[in-house]
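# Per-entry structural report
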Amino acid sequence: MPAKKKLTIQDLAKIREKTKSLMTIRESEGRARVTVHMGTCGIAAGARDIMDTLLGEIGKAKAQDIIVTTSGCAGLCNAEPMMTVELKNQPPVKYGHLTPDKMHKIFVQHILGGQMVAELVLAVGSETVY
Amino acid sequence: MKQYRSHLLVCAGTGCVSCGSFKIKEALEKEIKKRNLQDEIQVVATGCNGFCERGPIVLVQPDGIFYQLLKVEDVPHLVEEHLVKGRPVKSLMYVPPAEKEPVPKMKDIEFFKHQRLIVLRNRGRIDPEKIEEYIAFDGYEAMGKALSEMTPAAIVDEILFSGLRGRGGAGFPTGKKWAACAKEKATPKYLICNGDEGDPGAFMDRSVLEADPHAVLEGMVIGAKAIGASKGFIYIRHEYPLALKRMAIAIDQARENGLLGQDILGTGFAFDLEIVQGAGAFVSGEETALLASVEGQIAMPRQRPPYPARKGLWGQPTVINNVETWATVPNIIRRGADWFQGLGTETSKGTKIFALVGKIANTGLVEVPMGIKLRDIVYGIGGGIPDKRDFKAIQIGGPSGGCLPAKLLDLPVDYESLTAAGAMMGSGGMIVMDDKTCMVDVAKYFLNFLQDESCGKCVSCREGTQRMYEIVKGITEGVGQESDLDLLEELATVCKDASMCGLGQTAGNPVLTTLRYFRHEYDAHILDKRCPAGVCKKLIRYVVLAEKCTGCQSCKKACPKDCIKGTLKDVHLIDQSNCIKCGACKEACRFEAIEEQRDEAIQVI
């Protein structure tokens, strides 16, 4: 095995920069939080493809500080596959009837760009919780 | 490293490993593979989370959901529900005692909520066997700063100003120790990390070594620059196999990456580390005995002064610090002495790790700011005493420490307050005792430990601990005399004055502090020949309460000596002459019909 290159202080900073973005997930903080609804209805409607597309987009864009989670059925089963996008300090936005193409559009315009894709939006804001 | 949507952080401290956490990890990986999620979800083994009572533990990030007491059978359901369908599994979550609803998130659980993590900041967060993960959370940043921007004197000043005191027991200011060693002219100089943690019930150092070995290593490199040392030794007892393994991996990784050895980080500074395995003698934790052990001799203390800072390992200037102290150093250098100064009390700065054990609901490892009240640790974090029993005492500081009663629960935890109350900070063991604990029996336990561990060099300690043990043993067996208490106090004083090292000097403490706060229990044993807590076997007897006995014969079957008589549906009777007082009958009885009697004087033949 060839000897590893010795690190310098600059190398350390580079490793930190690179790995930190992959590790932010362990601190539950990030610039955006995307929830793919994966109840039985969501999975049956194709939520798995949406999830794969989303993870692929994040990988391509190297946008590692976007947190992806799953949740159960949101109650609007006929609108599945659905997802909720939460940007920092903004109300959550729900999208429905997703396809990989729509997913791509939302990713570029909303998640990265910060502009919600109005024609695809189901609802803005949280439900009232009693 | 790559991007995953979710990380499963499986606790792999010794506590959880012994409950089977590696099997859980395997099962998780298998199940995730089966569902083809291996590119989305990563399973990571981390250091101890501290909530050992609830192991094996898995934390799901980014959701922050805390799963506990997991079994391999639970894994398929957990993966299916939480990771595929996104429905956290309530039945595997933590339910606080006396409550019905589970607390899903780790940050909302009482045990974690009140802690302040500095030394343990990476516990349950990084894989201790991966150097990149340590670097990701600011690892080796302090070392880079110390080696490239700071002079040795500036490092010593920073530590001095931070107010950091040794976490191994005595609480000597770390900066002073470093300054004394730095001004010595002789070379080579050495550093030692004292990982010979031996107090019964204590596991702080083990946990730090297991959860974040690179932090200890980084602290030592910074210390080496400060005092001008070229070589260091990490002394870990062989009973800590996981800590030894992870430290060895950390040292190899650091060497491969040029963080140890020649020309560290390209700054020209050279320093290397070696692990020394201890054979597990309690006295090796004493610094001069530890020096002897590293040199390959029998671990026996020697006279001080000269202190190790002047003449230590092989007669050369040496700084010895405890694991926790070393792991605190990088935090101070990275975040500044001012920041550290602002934590804790006037004389005790920063945080301290405690191992919370004994009769407490949440057994585990906690890091809290100095100055916190004992009550907040026992009831807030610890969750109080289980089985609705009453708090009786808390033993702090290991065998050299002391037992504090309920009336001192509002005492702030700092070096001075604890010492004034007759206990000491020690390395951080806290043993909680309920009202079923006999304080004379506790003193006997610690004296037995000490007479066993005394190295035998000083007569006062070798003979003194043995005599004190015999006297206290006599008291628990009902042959104590009134004059015994004076004799015990005298022996404890002589042992303190005439012994050379900390072990002998504090060997009388188990007796002195229990006498100070629980003298009435000694009196009960000596004068009335009874044990108020019902612990000392020779002073109690088991009897069947006729009005409660249903004659079910459970106790009869459980008795190993066949000394219970009685036929089905008749009141049973225990033959006292044959009874060995094992208590098996009491445990077997479902009707609380067997009681240990202790209220009246029982004649000892």
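Structure shown above.
First, a word on scope: everything that follows refers to the structure included in this document. Please read all numbers here as calculations on a predicted model, not as lab measurements.

## Thoughts on the pairing of strand E2 (residues 41–46) of chain B
When you tally the buried positions in E2 of chain B, you get six out of six residues, the bulk of the element. Alternating residues of E2 of chain B divide into Ile 41, Val 43 and Ala 45 of chain B and Gln 42, Val 44 and Thr 46 of chain B, and every residue in both groups is buried.

## A closer look at the sheet that holds strand E3 (residues 58–61) of chain B
Residue and element names in this part refer to chain B. The four strands lie next to each other as E2-E1-E3-E4, forming an open sheet whose pairing is mixed. Since the sheet does not close on itself, it has two edges, and those belong to E2 and strand E4 (65–67), each with one partner. With direction set aside, neighbouring strand axes in the sheet form an average angle of 20°. Relative to E2, strand E1 (residues 6–11) runs parallel, the two sharing six bridges. Note that in E2 the partner of Cys 11 across the bridge is Thr 46. Contacts between helix H2 (residues 21–34) and the sheet are confined to E1, E2 and E3, with E2 contributing the most and set at about 170° to the helix.

## A word on the nonpolar core
Residues and elements named next belong to chain B. Formed by 125 residues in total, the largest nonpolar core has its most connected members in Tyr 140, Trp 178, Val 216, Phe 271 and Leu 404. Here this core takes nine residues from helix H10 (residues 213–227), the largest share from any one element. Discounting residues that sit within four places of it in the chain, Phe 271 has contacts with Leu 191, Met 220, Val 221, Ala 224, Ala 229, Ser 230, Lys 231, Gly 232, Leu 260, Gly 261 and Ile 264. Formed by 33 residues, the second largest nonpolar core is a distinct cluster that contains Ala 443, Leu 447, Cys 531 and Cys 536.

## A closer look at the pairing of strand E8 (residues 269–278) of chain B
Residue and element names in this part refer to chain B. Relative to E8, strand E6 (residues 231–237) runs parallel, the two being bridged by seven bridges. Across the sheet, Gly 232 pairs through a bridge with Leu 273, a residue of E8. When strand E7 (residues 261–264) meets E8, the two strands line up antiparallel, connected through two bridges. Each residue of the ladder has a partner; that of Ile 264, found in E8, is Phe 269. Count of turn residues in the E7/E8 antiparallel hairpin: four residues, of which Leu 265 carries a positive phi of about 55°.

## Side note on the sheet that holds strand E9 (residues 318–322) of chain B
Within a sheet, neighbouring strands are paired by backbone hydrogen bonds and run either parallel or antiparallel to one another. Residues and elements named next belong to chain B. Taken in spatial order, the five strands of this open sheet run E7-E8-E6-E5-E9, and their pairing is mixed. The open sheet has two free edges, formed respectively by E7 and E9, since each of these has just one partner strand. Each adjacent strand pair in this sheet contributes to an overall mean axis angle of 25°, direction not counted. As defined by bridge partners, strand E5 (residues 190–195) adjoins E6 across six bridges and the pair is classed as parallel. When the sheet's bridge partners are listed, Leu 191 is paired in E6 with Gly 232. Sitting on the sheet, helix H13 (residues 323–335) touches E5 and E9, and the angle it makes with E9 is about 95°.

## Section: the layout of surface pockets
Unfilled space is identified by rolling a water-sized probe across the atoms. All names here are of chain B. Taken as a whole, the largest pocket holds about 1,400 Å³ of empty space. As for the largest pocket, its lining consists of 50 residues, of which Gly 168, Gly 169, Ala 170, Gly 171 and Gly 285 are closest to the centre. Residue assignment for the lining of the largest pocket shows that the elements contributing at least two residues are helix H8 (174–182), E5, E9, helix H16 (415–420) and helix H20 (502–505). It is E9 that provides the largest number of residues to the lining of the largest pocket, a total of four residues. Looking at the lining of the largest pocket, its residues break down into 16 nonpolar, 22 polar and twelve charged.

## A look at the packing of aromatic side chains
To describe a pair of aromatic rings, one takes the distance between the centres and the angle between the planes. Residue and element names in this part refer to chain B. For the coordinates displayed, the defined rule picks out 14 aromatic pairs over all chains. Members of the aromatic cluster, joined through ring pairs, are Phe 51, Phe 66, Tyr 94, Phe 111 and Phe 112. Over the face of the ring belonging to Tyr 415 we find Arg 165, whose NZ or CZ atom lies 4.2 Å from the ring centre.

Rules used in this analysis
- Residues numbered from 1 in each chain as written.
- Chains lettered and ligands numbered in written order.
- Predicted model: local features only at pLDDT ≥ 70, side-chain atom pairs only at ≥ 80, totals over all residues.
- Heavy atoms only, no water.
- Buried < 20%, exposed > 50% of the residue type's maximum accessible area, 1.4 Å probe, protein only.
- Helix = DSSP H or I, 4+ residues; strand = E, 2+ residues; numbered from the N terminus.
- Pairing = 2+ DSSP bridges.
- Axes fitted to C-alpha atoms, helices over the stretch in contact; angles between N-to-C directions.
- Contact = heavy atoms within 4.5 Å.
- Core = buried A, V, L, I, M, F, W, Y, C linked by side-chain atoms within 4.5 Å.
- 1 Å grid on protein atoms, 1.4 Å probe; cavity = no way out; pocket = protein on both sides within 12 Å on 5 of 7 lines; lining within 4 Å.
- Points joined across faces, edges and corners; volume = space filled by probe spheres on them.
- Nonpolar A, V, L, I, M, F, W, Y, C, P; charged D, E, K, R; others polar.
- Phe/Tyr/Trp six-rings, centres within 6.5 Å; stacked < 30°, edge-to-face > 60°.
- Lys NZ or Arg CZ within 6 Å of the ring centre and 35° of its normal.

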